[in-house]
Amino acid sequence: MSILVTGGAGFIGANFVLDWLAQHDERVINLDKLTYAGNRQNLAGLADDPRYIFIRGDIGDRDVVDSLLKIYQPRCVVHFAAESHVDRSILNPGEFIQTNVVGTFNLLDSVRLYLDCADSAVRTGFRFIHVSTDEVYGTLDAGAPAFRETDNYLPNSPYSASKAASDLLVRAYCHTYGLPAITTHCSNNYGPYHFPEKLIPLVIHQALAGNPLPVYGDGRQIRDWLYVKDHCAAIRCVLASGRVGETYNIGGWNEHSNIDVITKICFLLDTLRPRADGKPYAGQIRFIKDRPGHDRRYAIDATKIEAEVGWRPAETFETGIRKTVQWYLDHQDWVGNVVNGAYTRWVEKQYL
Ligand code: NAD
Ligand code: DAU
């Protein structure tokens, strides 16, 4: 048997593939376009592993997806592939519609036809796990109850709107064609292999480089932080025992303001890699203009997944952020390889 993972060379997908093969012998087919966010180096340790097959391709390419399904006959799809960065969606929304909406549609339709032709054993056991986000629910006021699966969709950015659209396509394929799909909504992940355009790895990288640490607006926006390996475990649990047609919120029970997260990273670096001049990294913090349409607060109520599937995060923010900072200190070669010319051009465009 095999599983088909899309976007497995990205941040969460790579962690998922590595964790999967550390625990299963079931083959992984990884379909990834290798955009700026995809990095085969994340999975370099699997290069000679017969359980791992990498296919460079676009989820929007019907021929590629049809032939992969036909050749490998996977028992499930775990769909991570997406354009994932909110700031990029504000500058260039078209790619988000193409991959997140049209690409997901293509994948769903290909799976529909694959299942139509499959034998009943494959059809019965098949699962399509759609990895979505908490951002589809919009933004919360301070003190409002955390997002629940029954909340309305109120996406505010081109990114979250494109994810919301893809969620609705998944729902429609499940309802109309009986495609056995489950959608998950997770909060902000952090951990190894996180591309340094997102807040936590950006701050670690810029702090070590001696650069300003950019805080949007007043820095009091709140996110729920989920250690990526906890997220991977949650997806494995949902795949094993989630109910078809259901949606599950996945969160870390870790709400923190951005300024507190940045300050925490600075304190950790002060201990683990003190600046040469002995001054605190927090001195590099700079408040800059806010993100347009910036959502104020996300919070996840993850009681349903705990009650139904038995998953709960293992890491607290304290343990997870310490591991993360240490991982970046230990993998400066990885950071050096991803911070190429295109990355520098992005930072200049976004922050200067
Ligand atoms: P990422 O940007 O790090 O990686 C995305 C991967 O998808 C890359 O490897 C990229 O090459 C690949 N990809 C992009 N377009 C493709 C296409 N058309 N065809 C095939 N592959 C393509 O993203 P991530 O942070 O790992 O997020 C993975 C999924 O989880 C996304 O669907 C995202 O919306 C969702 N999500 C992420 C977070 C988070 O905090 N990172 C939180 C909630 C939900
Ligand atoms: O909530 C889940 C979402 O989390 C995922 O669906 C997205 O794919 C993922 O990118 C993430 O979105 P955010 O916009 O919350 O993540 P980001 O790391 O870009 O920003 C986190 C917070 O930090 C947000 O409030 C904006 C702020 N920020 C971000 C950057 C890059 C800054 O203050 N300065 C920055 O330079």
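Higher on the page you've got the structure.
Residues numbered from 1 in each chain as written. Chains lettered and ligands numbered in written order. Predicted model: local features only at pLDDT ≥ 70, side-chain atom pairs only at ≥ 80, totals over all residues. Heavy atoms only, no water.

Trainee: Before we move on, could you go through the nonpolar core and cite the residues and values that matter?
Mentor: Counting residues in hydrophobic clusters, the biggest one holds 38 residues, and the most contacted among them are Phe 16, Val 78 and Ile 305. Contact partners of Ile 305, with chain neighbours within four places excluded, come to Ala 234, Val 238, Tyr 248, Asn 249, Ile 250, Gly 310 and Trp 311. Core analysis: the next-biggest nonpolar cluster, separate from the first, contains 33 residues, Trp 225, Ile 262, Leu 269 and Ile 321 among them. (Core = buried A, V, L, I, M, F, W, Y, C linked by side-chain atoms within 4.5 Å. Buried < 20%, exposed > 50% of the residue type's maximum accessible area, 1.4 Å probe, protein only. Contact = heavy atoms within 4.5 Å.)

Trainee: Any chance you could break down the pattern of salt bridges for me, citing the residues and the numbers?
Mentor: Considering all chains together, one arrives at 21 salt bridges under this definition. Here Asp 109 and Arg 112 are joined by a salt bridge, their closest N and O atoms 3.0 Å apart. Note that Asp 109 and Arg 112 are positioned in helix H4 (residues 94-117) at a spacing of three residues, about one turn of the helix. Taking the shortest distance from any N to any O, the salt bridge between Glu 308 and Arg 243 comes out at 2.7 Å. Placement of Glu 308 in helix H10 (residues 303-309) and of Arg 243 in the loop between helix H8 (228-241) and strand E10 (247-250) is noted, with a sequence separation of 65 residues between them. (Salt bridge = Lys/Arg side-chain N within 4 Å of Asp/Glu carboxyl O. Helix = DSSP H or I, 4+ residues; strand = E, 2+ residues; numbered from the N terminus.)

Trainee: If you had to explain the site of ligand 2 to someone new, which residues and values would you point to?
Mentor: As a matter of local geometry, ligand 2 sits amid 24 residues, with Asp 134, Tyr 159, Arg 291, His 294 and Tyr 351 nearest to it. At 2.5 Å, a side-chain N or O of Asp 134 approaches an oxygen atom of ligand 2. For ligand 2, an oxygen atom lies 2.8 Å from a polar atom in the backbone of Leu 199. When the free accessible area of ligand 2 is taken as 690 Å², the share hidden by the protein chains comes to 95%. Elements with a minimum of two residues in the shell around ligand 2: helix H3 (86-91), helix H7 (199-208) and strand E8 (213-216). Here the shell around ligand 2 takes three residues from E8, the largest share from any one element. For the shell around ligand 2, a count of residues per class yields nine nonpolar, eight polar and seven charged. (Near = heavy atom within 4 Å. Polar contact = N/O pair within 3.5 Å; in protein donor to acceptor, adjacent residues only side chain to side chain. Areas by Shrake-Rupley, 256 points an atom, 1.4 Å probe, with all protein chains shown as cover. Nonpolar A, V, L, I, M, F, W, Y, C, P; charged D, E, K, R; others polar.)

Trainee: Go over the site of ligand 1, please, and point to the residues and values.
Mentor: In the vicinity of ligand 1 there are 28 residues, among which Ile 12, Asp 32, Ser 84, Tyr 159 and Lys 163 approach most closely. Taking Leu 34, its main chain carries an N or O atom lying 3.4 Å from an oxygen atom of ligand 1. In the complex, 96% of the free accessible area of ligand 1, which totals 830 Å², lies under the protein chains. Elements with a minimum of two residues in the shell around ligand 1: helix H1 (11-23), strand E5 (127-133), helix H6 (158-177) and strand E7 (188-190). With three residues, E5 is the largest single contributor of residues to the shell around ligand 1. Across the shell around ligand 1, the residue classes tally to 12 nonpolar, 12 polar and four charged.

Trainee: Go over helix H11 (residues 317-330), please, and point to the residues and values.
Mentor: Every α-helix winds through 3.6 residues per turn, so residues three or four apart in the chain are directed the same way. Taking 1.5 Å per residue, 14 residues should reach 20 Å; H11 reaches 20 Å between its end C-alpha atoms and fits that length. Buried residues of H11: Phe 317, Gly 320, Ile 321, Thr 324, Val 325, Trp 327, Tyr 328 and Leu 329, and no others. Where the residues of H11 are buried, they touch E7, H7, strand E9 (222-227), strand E11 (255-257), helix H9 (258-272) and helix H12 (332-338). (Expected span 1.5 Å × (residues − 1).)

Trainee: An account of the packing of H1 against H8 is needed here, citing residue identities and associated values.
Mentor: Running from amino to carboxyl end, H1 crosses H8 at an angle of 65°, the nearest separation of the two axes being 9 Å. As H1 runs across H8, the sense of the crossing is right-handed. Residues Phe 11, Ile 12, Asn 15, Phe 16, Asp 19, Trp 20 and Gln 23 of H1 form the contact with H8, whose participating residues are Val 228, Lys 229, His 231, Cys 232, Ile 235, Arg 236 and Leu 239. Per-class residue counts for the contact of H1 with H8 are eight nonpolar, three polar and three charged. (Axes fitted to C-alpha atoms, helices over the stretch in contact; angles between N-to-C directions. Left-handed = near helix turned anticlockwise from the far one by under 90°.)

Trainee: Describe the side chain of His 194, listing the residues and the values that go with them.
Mentor: Residue placement: His 194 occurs in the loop between E7 and H7. Setting aside chain neighbours within four positions, we find His 194 in contact with Phe 11, Asn 189, Pro 201, Tyr 328 and Trp 334.

Trainee: Go over the sheet that holds E9 with me, naming the residues and quoting the values.
Mentor: Taken in spatial order, the three strands line up as E7-E9-E11 in an open sheet, and their pairing is mixed. With one partner strand each, in any of the chains shown, E7 and E11 form the two edges of the open sheet. On average, adjacent strands in this sheet sit at an angle of 50° to one another, irrespective of strand direction. With three bridges connecting them, E9 and E11 associate as antiparallel partners. Opposite Arg 223, over in E11, you have His 256 as the bridge partner. Along the sheet, H9 contacts E9 and E11; its crossing angle with E11, the most-contacted strand, is approximately 85°. (Pairing = 2+ DSSP bridges.)

Trainee: Quick rundown of the environment of Thr 184? Include the residues and the values.
Mentor: Among the secondary structure elements, Thr 184 is positioned in strand E6 (residues 181-186). The class for Thr 184 is buried, based on a relative accessible area of 0%. Through-space distance from the C-alpha of Thr 184 to that of Thr 133 is 7.2 Å; in sequence the pair is 51 residues apart. Those residues in contact with Thr 184 that sit more than four places away from it in its chain are His 130, Val 131, Ser 132, Thr 133, Val 238, Tyr 248 and Ile 250.

Any functional reading would require information beyond the geometric quantities listed.
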